[in-house]
Amino acid sequence: MNTTVIDHLEGLEGTGRLRIRAASRRVSPIRRFRNMVELSDWDEAILRHGREIDLFCWMLAGATAALLLPVCFLVLKG
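Residues numbered from 1 in each chain as written. Predicted model: local features only at pLDDT ≥ 70, side-chain atom pairs only at ≥ 80, totals over all residues. Heavy atoms only, no water.

K.L.:
Help me understand the overall build of the protein chain in this model?
P.N.:
For the protein chain, the helix and strand inventory stands at 3 helices and 2 strands. From first element to last, N terminus to C terminus, the protein chain shows the α and β order β-β-α-α-α. Out of the 78 residues belonging to the protein chain, those deemed buried represent 3%. Summed over its atoms, the accessible surface of the protein chain is roughly 7,700 Å², and 66% of this surface lies on carbon and sulfur atoms. (Helix = DSSP H or I, 4+ residues; strand = E, 2+ residues; numbered from the N terminus. Buried < 20%, exposed > 50% of the residue type's maximum accessible area, 1.4 Å probe, protein only. Areas by Shrake-Rupley, 256 points an atom, 1.4 Å probe, with all protein chains shown as cover.)

K.L.:
How do you make sense of the confidence of the model for the protein chain when you look at a structure like this?
P.N.:
Caution applies to low-pLDDT regions: their predicted coordinates should not be interpreted in detail. Looking at the protein chain as a whole, its pLDDT mean stands at 81, while 69% of the residues score no less than 70. Here strand β1 (residues 4-10) stands out as the element of the protein chain with the lowest mean pLDDT, 51, in contrast to helix α3 (residues 50-77), whose mean of 96 is the highest. (pLDDT = per-residue confidence, 0-100.)

Encoded structure:
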């Protein structure tokens, strides 16, 4: 993409000047995310690693329950 941007600059004397510069070639994070979603095989990778993801979620739920169980006993004990 070869885009040019024209800026209007006002000088100290009040005379207008034009500055032409090339637009930034850096791809925005939104564009990178869109390209990743559209062009990569992320959905197939999730399906390939389904068992590991399920195991991680169950471990996370178990750790959360283990941390919150004593808090629940203290609240109920009063």
